[in-house]
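Here are the chains, one letter per residue:
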Amino acid sequence: MSVIMRLLDLLSASHKLKDSKPYVMRALAGMAIFVTLSVFAALMTALLIASLMWLIYAEMLAAGVGSAIAGTLVAGLSLITIGLTAFAALRTWAAVRADIDLVFNAQTPMVGKVADSVTSVAGAFINGLRRRQPEKA
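First things first, this report covers the structure right here in the doc.

## Description of the overall build of the protein
Here is step 1: Helices and strands together make up the secondary structure of the protein, namely five helices and zero strands.
Here is step 2: Across the 137 residues in the protein, those meeting the buried criterion constitute 8%.
Here is step 3: Taking contacts inside the protein between residues at least 6 apart in sequence as the whole, the part at least 24 apart equals 41%.
Here is step 4: Accessible surface, the protein as shown: approximately 11,500 Å² in total, 72% of it carbon and sulfur.

Pasting the structure below:
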């Protein structure tokens, strides 16, 4: 959720995008519809795969395979499917996060990075001046 909030912060902070606020809002509404339809498609795909797993199980029972063996094979096939799906989802999420970081790096001017470094060094210098120096014996 923080990634979406960072992206919305970027959209609200950029002067170029403030001029095109109606287009940005339309794009966000389109993204919301896309997410909703994606969730629906994912649920329908899950139901289809579950139906296919049940069909495989029923056909194995009809072929004379024991229920324990058929159940074990279908459970193993289900776990493999879940594992591959989770792996693909994690890879996709990592790619999305990398793309968002690239957007932030592209929007951040180089002067801002230098100013942050100078501020950090100056802050360390001031903290060093404020600290008591150990007394020498």
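## Some details on the environment of Met-60
Here is step 1: Looking at the element boundaries, Met-60 is found in helix α3 (residues 21-62).
Here is step 2: Taking C-alpha positions, Met-60 is 6.1 Å from Ala-70, a pair spaced ten residues apart along the chain.

## What to know about a nonpolar patch on the surface
Here is step 1: A contiguous nonpolar surface patch, about 410 Å² in accessible area, is contributed by Phe-34, Val-35, Val-39 and Leu-43.
Here is step 2: In this structure, Val-39 sits in helix α3.

Rules of the game
- Counting from 1, residues in each chain are numbered in the order their sequence is written.
- Thresholds applied to this predicted model are a pLDDT of at least 70 for local features of residues and 80 or more for the giving and counting of side-chain atom pairs; totals over whole chains, interfaces and linings are not thresholded and use all residues.
- Processing note: side-chain calculations cover all non-hydrogen atoms of the structure and skip hydrogens and water entirely.
- Helix and strand assignments follow DSSP, with helices taken as H or I runs no shorter than four residues and strands as E runs no shorter than two, numbered in order from the N terminus.
- Each residue is placed in one exposure class: buried if its accessible area under a 1.4 Å probe, protein chains only, is under 20% of its type's maximum, exposed if it is over 50%, and partly exposed if it falls in between.
- Whether two residues are in contact is decided by their heavy atoms, any of which lying within 4.5 Å being enough.
- Only the protein chains shown count as cover for residues, and the accessible areas themselves come from Shrake-Rupley with a 1.4 Å probe.
- Patches were defined on residues exceeding 30% relative accessible area and lacking a salt bridge, with like-charge contacts within 9 Å and nonpolar side-chain contacts (Val, Leu, Ile, Met, Phe, Trp, Tyr) within 5 Å.
- Whenever Lys or Arg places a side-chain nitrogen within 4 Å of a carboxyl oxygen from Asp or Glu, that contact is recorded as a salt bridge.

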